Amino acid sequence: MKDKNMNRADFFTSICLFLFGLVILILSIRMPTFRELGANPYSAPGIVPGIMGAILSFMGVILFIRSFIRQGYKIKPSSQAIKIFFKNDSIKRLLVALFLSVFYVVLLGKINYFLLTGMYIFFFVLAFEFKTKKNIFSQGKTLLFAFLEALFIAALISFVFRYLFLVRLP
Amino acid sequence: MFQGLIQLGNELSVFLTPKYIFDILWSTQLGIIVGMLPGLTATMGVALMTTLTYKFASSHAVLILICMYIGAIFGGSRTAILINIPGTPANAATTVDGYPLARQGKAGYAMGLATTSSFLGSMFGMLMLAIFTPLIGNAALRFHSFEYFWLAIFGIIICGTLTAPKDPLKGWISGLFGLFVATIGMEGMHAYRRFCFGNVDLAGGIALLPAMIGVFGFSEVLIVMKQPEIRIVSSKIERVIPRLKDIIKYWKTIIRSGFIGTIIGAIPGVGEDIGAWVSYDFAKKASKEKEKFGKGSIEGLMAAETGNNAAIPGAIIPVLALAVPGSAPAAVLLGAMFIHGIRPGPLLMIENPDFVYQVVTMIFLATCAMFILGLSFIRIFVKMLFIPRQKLMPVIFSLCVIGSYALSAKMFDILVMTVFGLIGYAMKEMDYPVAPTVLGIILGDILDNNLRRSLVLTDGNILPFFTRPISLVFFLFILFTIFSRMKWFETLLNNLKVIIIKSFVREKAD
């Protein structure tokens, strides 16, 4: 990330961090001390997370001041910038990988593990190798290799974990 | 001493059976491949291997994990030399002189030197481990709650400082976040459910391994897919076996780098990459051939590779003696030991003293395997670099998923892995090191229990935290580490230095 963008990211993160620390602190203070049961007040469960929350908030303030001095507050979201962001090839690749992976996790347990893993690998490979502008019949090799890889890996993982490690697959 | 050698001999005889030798060879070779492939790190390799070996007997599983660890840290040197991309972060310093050597047509020779240096580094670190682990373990027996509290803080602060040299604040934030994560779930003193919001799964806490697989596995998958594709150009590989005169010529560099690597490795959470850079830096400063550094210096390459491999046994020293990991892969190793019912820490030398010798033997065997495999089959395994990332990454993610799930068959662990993968990705994008977070998750429990126990013992009096000798040393170290990164403190130190030198010169003149 470039320095300019990093300062902006730090500015945004500092606010989140401050609020996060504050929430932890408040929740910790509200935790019981078990004094009524005769417990020592210094053994209260909220002590350590409370300290963590306070320090995180303090660090958020330091990060805020630093990014403010470096003009990280100059955030101008424009539709043009958002368009450029999503047209970036790196971002496209990241989003495709992220979407497929999260979708795979969401469907786990709802579809047969072997089938789902095979489909995930197949579509992952195709998402990056298949050219939509080209004729499908000229890309038979890509399709075949993706299918074989998906079949082999899904079968291997399922077999190893199900029959060798005796894990009930999700 | 002789008793120790006899013990080592006994352990060696246990592991020198065809079954173990086969396991040592395949796991080390797999480690080399994992390390060689950009995007796959030693931590990811050890984490995934932990899930694949959790049904094995404890010593068998730890042996395979150590082979994977040593193989992967070494394997990264291949890519560093051939394509100027470190296979693992630990090999970043290797690129500086390894790649120029490859461009001079000495790729094979550079790989041979890297193999030999890694071998010597690991062996040096192994000796240090054998000597210092019992000593540190015995010293740690004097630790009480106060000292353990400071040890946890010290680990987070020093790890945060060294893994984020440009901006230590981010390293400390990362460590604190890890400490907070460790407080989620049922606490040990009153069985109170902290930050669970009625969720039964959260009450069990955030398991270390799924979180680590997420932070080091899933986030890496996303990062690799985001980066532009690496065009790999095949280099010609000629002579691989290094000349003995080169090794002898740089013996001082090897010993210095081995020592530095081990020491850096033993610092909580810091790891092999810093070990390599510091060794490289020291070698450059002490070298008679400074001008060659960065242009294909054999000495530079040897320093970096000796340093990173010496850091492996170094990182295992605190694992065994204090139950505090010296690096991210060592953190997974520590987690794996807990899974297998081994309890590392100061009591290890009393409860299970043989285990330290077992680990020394495992490192010895893994290092020998790495040396043999490193000098053979180079041309065949370099071809693995040509596997396209879009074919490899879905396999890695599938293993991340099933690996997180397999340990306790909980869908919640897959969710933890995914969430921590996303958090790890965001952190890496914003220059927050992830190693302190992992260290924080491990040390969180130690810090929480020992701080409260100390306060209960002293009825809220915090003075013993600063008056007990070991506690005071820890406290001063922590203060120095924090202040040493501040400009005003640096200026103050420099001014003090000038004043002392001036007064010394004046005294001499008088």
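Cut-offs applied
- Residues numbered from 1 in each chain as written.
- Chains lettered and ligands numbered in written order.
- Predicted model: local features only at pLDDT ≥ 70, side-chain atom pairs only at ≥ 80, totals over all residues.
- Heavy atoms only, no water.
- Axes fitted to C-alpha atoms, helices over the stretch in contact; angles between N-to-C directions.
- Helix = DSSP H or I, 4+ residues; strand = E, 2+ residues; numbered from the N terminus.
- Left-handed = near helix turned anticlockwise from the far one by under 90°.
- Contact = heavy atoms within 4.5 Å.
- Nonpolar A, V, L, I, M, F, W, Y, C, P; charged D, E, K, R; others polar.
- 1 Å grid on protein atoms, 1.4 Å probe; cavity = no way out; pocket = protein on both sides within 12 Å on 5 of 7 lines; lining within 4 Å.
- Points joined across faces, edges and corners; volume = space filled by probe spheres on them.
- Core = buried A, V, L, I, M, F, W, Y, C linked by side-chain atoms within 4.5 Å.
- Buried < 20%, exposed > 50% of the residue type's maximum accessible area, 1.4 Å probe, protein only.
- Salt bridge = Lys/Arg side-chain N within 4 Å of Asp/Glu carboxyl O.

Caption draft 1: Inspection of the packing of helix α4 (residues 89-107) of chain A against helix α19 (residues 389-406) of chain B at higher detail. It is at 11 Å that the axes of α4 of chain A and α19 of chain B come closest, and there the two elements cross at 35 degrees. Crossing of α4 of chain A against α19 of chain B: the hand is right-handed. Between α4 of chain A, through Arg93, Ser101, Tyr104 and Val105 of chain A, and α19 of chain B, the contact on the second element is made entirely by Arg389, Phe397, Ser398 and Val401 of chain B. Tallied by class, the residues present in the contact of α4 of chain A with α19 of chain B amount to 4 nonpolar, 2 polar and 2 charged.

Caption draft 2: Fine view of empty space enclosed by the protein. Residues and elements named next belong to chain B. Taken as a whole and assessed by the stated rule, the structure comprises 1 cavity of 30 Å³ or more. Approximately 40 Å³ is the volume found for the largest cavity. Ranked by residue count, the leading element in the lining of the largest cavity is helix α21 (residues 435-458), at 3 residues. Of the residues belonging to the lining of the largest cavity, the class tally is 6 nonpolar, 2 polar and no charged.

Caption draft 3: Layout of the nonpolar core. Residues and elements named next belong to chain B. Judged by nonpolar contacts, the single largest core of 200 residues is most densely connected at Ile66, Ile316 and Met393. Here the element with the most residues in this core is helix α4 (residues 58-83); it accounts for 15 residues. Leave out the neighbours within four places in its chain, and isoleucine 316 touches Tyr69, Leu129, Leu333, Val359 and Ile363. Residues Ala93, Phe293, Ala303 and Ala304 belong to the second largest nonpolar core, which totals 7 residues.

Caption draft 4: View of the pattern of salt bridges. This structure, assessed with the given rule, holds 15 salt bridges over all chains. With a closest N to O distance of 2.5 Å, arginine 66 of chain A and aspartate 167 of chain B form a salt bridge. Placement of arginine 66 of chain A in helix α2 (residues 47-69) and of aspartate 167 of chain B in the loop between α7 (145-163) and α8 (168-183) is noted, with the two residues assigned to different chains. Each member of the pair, arginine 66 of chain A as well as aspartate 167 of chain B, carries the same accessibility label: buried. In this structure, lysine 292 of chain B and glutamate 289 of chain B form a salt bridge, with 3.8 Å as the shortest nitrogen-oxygen distance. On the basis of relative accessibility, which here comes to 41%, the residue lysine 292 of chain B falls in the partly exposed class. Within the structure, one salt-bridge network assembled from shared partners comprises Asp10 and Arg66 of chain A together with Asp167 and Lys170 of chain B.

Caption draft 5: Region of interest: unusual backbone geometry. Residue and element names in this part refer to chain B. Phi is positive for phenylalanine 195, which is not a glycine, with a value near 50 degrees. Tracing the chain through its elements places phenylalanine 195 in the loop between β2 (193-194) and α9 (200-203). At alanine 323, a residue that is not glycine, the phi angle is positive and equals roughly 60 degrees. Relative to the helices and strands, alanine 323 resides in the loop between α14 (298-322) and α15 (328-339).

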